[in-house]
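What the coordinates show
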Amino acid sequence: QEEFKKIRIRNFIEESILHDKTQRAETLLEKYYEMMKSSGNVSKMYYFRTKAYICLHGKNDIEEAYKNIKSALRCTLPEGQRQEMGSYLISTYEMENLLLLGKILFLQGKIQEAEILVRKCLKYMKEHPIDEEEKAKIFPKCVWVLTQINKEKENHQEIIFLCEEAIAMLRKWAITYFMLPLMQELVLRYEQI
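Residues numbered from 1 in each chain as written. Predicted model: local features only at pLDDT ≥ 70, side-chain atom pairs only at ≥ 80, totals over all residues. Heavy atoms only, no water.

1. Regarding the state of the cysteines
The test is simple: The disulfide criterion used throughout: a pair of cysteine sulfur atoms within 2.5 Å. Partly exposed residues are those whose accessible area sits between 20% and 50% of the maximum for their type, while under 20% is buried and over 50% is exposed, using a 1.4 Å probe and protein chains only.
What the rule picks out here adds up to zero disulfides. Note on cysteine 55: no disulfide assigned, nearest cysteine sulfur contributed by cysteine 75 at a separation of 15 Å. Cysteine 121 takes part in no disulfide bond, and the closest cysteine sulfur, belonging to cysteine 142, lies 5.1 Å away. You can call cysteine 121 buried: its relative accessible area is 0%.

What follows is the structure, given as structure tokens:
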């Protein structure tokens, strides 16, 4: 019953975010945290990552989003930022948290720091065995974040290659999210060449 409640509240939170009901999402998230705060690090990570997302997309508060995503990363990747990324295993959720951090760093104007982080994520995915379907969910997102960071750079060949690789993965697994933005980036880069 407790597990059912947890899943149900998460569904309501995600629905609220989807329909731009920021206040409702925040209220439900705080209720979720009260229920789960003794559950362990994964529940805390979910709380902070969701709070970061709400701060970024619901309130446009980049600094608060930054604090929350750093807290989420500390829950499941302690000391992770100081070690070489390849020295430990990273889940899809943790990779998404790292990519959100990369996006936030980019929005803060820390472009070089954001690019280094996103490139580390790409390197990790290329060098470590990851379930093919899980990789198809996260690799295109990583490529898309890199394209946003590299908007002003003329590294067309690299971006084209990465976009084509990501689109091929999405096609293989019949996943549509990020397909259109990646295709648009591909067309834009071909035009610039």
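From this point, the narrative continues.
2. Focus on unusual backbone geometry
This is how it is decided: Working definition: helices are DSSP H or I runs of at least four residues, strands are E runs of at least two. Numbering for both runs from the N terminus.
Of note, the phi angle at aspartate 20 is positive, near 55 degrees, even though the residue is not glycine. With respect to the helices and strands, the residue aspartate 20 is situated in the loop between helix H1 (2-18) and helix H2 (22-36). The exposed category is assigned to aspartate 20, whose relative accessible area is 68%. You will see that phenylalanine 178, though not glycine, has its phi angle at about 75 degrees, which is positive.

3. Some details on the packing of helix H8 (residues 156-172) against helix H9 (residues 179-192)
Selection criterion: Every axis corresponds to a line fitted to the C-alpha atoms, with the helix fit spanning only the stretch in contact, and the corresponding angles, defined between N-to-C directions, vary from 0 to 180 degrees. Working definition: roughly parallel below 35 degrees, roughly antiparallel above 145 degrees, roughly perpendicular at 65 to 115 degrees, and oblique for all remaining angles. The hand of a helix crossing depends on one turn: near helix anticlockwise from the far one by less than a right angle means left-handed, and clockwise means right-handed. Contacts are residue-level and defined by heavy atoms, with any inter-residue pair within 4.5 Å sufficient. Here the term charged refers only to Asp, Glu, Lys and Arg, the term nonpolar to Ala, Val, Leu, Ile, Met, Phe, Trp, Tyr, Cys and Pro, and the term polar to all other amino acids, Gly among them.
Running from N to C, H8 and H9 point in directions that differ by 150 degrees, and their axes come no closer than 9 Å. Here H8 lies roughly antiparallel to H9, going by the angle between them. Relative to H9, the crossing made by H8 is left-handed. For the pair formed by H8 and H9, the contact residues are His156, Ile159, Ile160, Cys163, Glu164, Ala166, Ile167, Leu170 and Arg171 on the first element and Met179, Leu182, Met183, Glu185, Leu186, Arg189, Tyr190 and Gln192 on the second. Of the residues that constitute the contact of H8 with H9, the class distribution is 11 nonpolar, two polar and four charged.

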